[in-house]
Amino acid sequence: MKITDVRVRKVFRDGKMRGLASITIDDVFVVHDIKIIEGDNGLFIAMPSRKSKDGEYRDIAHPINSDTRNIIQERVLEAYNTADEDTEIE
């Protein structure tokens, strides 16, 4: 698997969410709405999710193993840290 594109939109508002990202995998598959969150130990990503009938949030798309999750997180946070200010969302 190769992440061939990462697009980041920074968020400037109250709360812990710092941005949203979309990744393209192998130039053929896109995952939108990856959240960039400020946690107690720094930034991390949260995969796209939706609220189920029982009130729990469940990931819509997610990596199967921690190595893949780490690859995605590294690429998204790298793009976030180098993103221009004009990628912001109010």
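The structure under discussion appears in the preceding block.
Below is a summary of the structure that appears in this document. (Residues numbered from 1 in each chain as written. Predicted model: local features only at pLDDT ≥ 70, side-chain atom pairs only at ≥ 80, totals over all residues. Heavy atoms only, no water.)

## Some details on unusual backbone geometry
- Look at D27: it is not a glycine, yet its phi comes out positive at around 60°.
- Here D27 shows up in the loop between β2 (17-25) and β3 (29-39).
- In this model, D33 sits at a positive phi of 60°, which is unusual for a non-glycine residue.
- On the secondary structure map, D33 appears in strand β3. (Helix = DSSP H or I, 4+ residues; strand = E, 2+ residues; numbered from the N terminus.)

## So, the nonpolar core
- The biggest cluster of nonpolar side chains holds 17 residues, and the ones touching the most others in it are V6, V8, I23, I34, I36, I45 and V76.
- Of all the secondary structure elements, the ones that give two or more residues to this core are β1 (3-11), β2, β3 and α1 (66-82).
- Counting residues per element, this core draws most heavily on α1, at five residues.
- Beyond its immediate sequence surroundings of up to four residues, V76 is in contact with V6, V8, A21, I23, I36 and I45. (Core = buried A, V, L, I, M, F, W, Y, C linked by side-chain atoms within 4.5 Å. Buried < 20%, exposed > 50% of the residue type's maximum accessible area, 1.4 Å probe, protein only. Contact = heavy atoms within 4.5 Å.)

## Re the side chain of T24
- By the secondary structure assignment, T24 is in strand β2.
- Of the residues examined, T24 reaches a relative accessible area of 14% and is grouped as buried.
- When residues no more than four places from it in sequence are discounted, the contact partners of T24 are K2, I3, T4, D5, F29 and V30.

## Focus on the packing of aromatic side chains
- On inspection of all chains with the given rule, the structure shows zero aromatic pairs.
- Positioned above the aromatic ring of Y80 is the side chain of K10, whose terminal nitrogen or guanidinium carbon lies 4.9 Å from the ring centre. (Phe/Tyr/Trp six-rings, centres within 6.5 Å; stacked < 30°, edge-to-face > 60°. Lys NZ or Arg CZ within 6 Å of the ring centre and 35° of its normal.)

## Focus: the pairing of β3
- Inspection of the sheet shows β2 paired to β3 by seven bridges, in the antiparallel sense. Across the sheet, residue L20 finds its bridge partner in β3, namely K35.
- Linkage of β2 to β3, two consecutive antiparallel strands, is achieved through a turn of three residues, within which D26 is found at a positive phi near 50°.
- Where β3 lies against strand β4 (residues 42-46), five bridges are found, and the strand directions are antiparallel. Looking at β4, one finds that G39 is bridged to G42.
- Hairpin geometry of β3 and β4 is characterised by an intervening segment of two residues between the two adjacent antiparallel strands. (Pairing = 2+ DSSP bridges.)

## Side note on the pattern of salt bridges
- Taken as a whole and assessed by the stated rule, the structure comprises two salt bridges.
- Between R7 and D5 there is a salt bridge, with its nearest N and O atoms 2.7 Å apart.
- The residue D54 makes a salt bridge to R58 at a minimum N-O spacing of 3.0 Å.
- When its relative accessible area of 45% is taken as the criterion, R58 is described as partly exposed. (Salt bridge = Lys/Arg side-chain N within 4 Å of Asp/Glu carboxyl O.)

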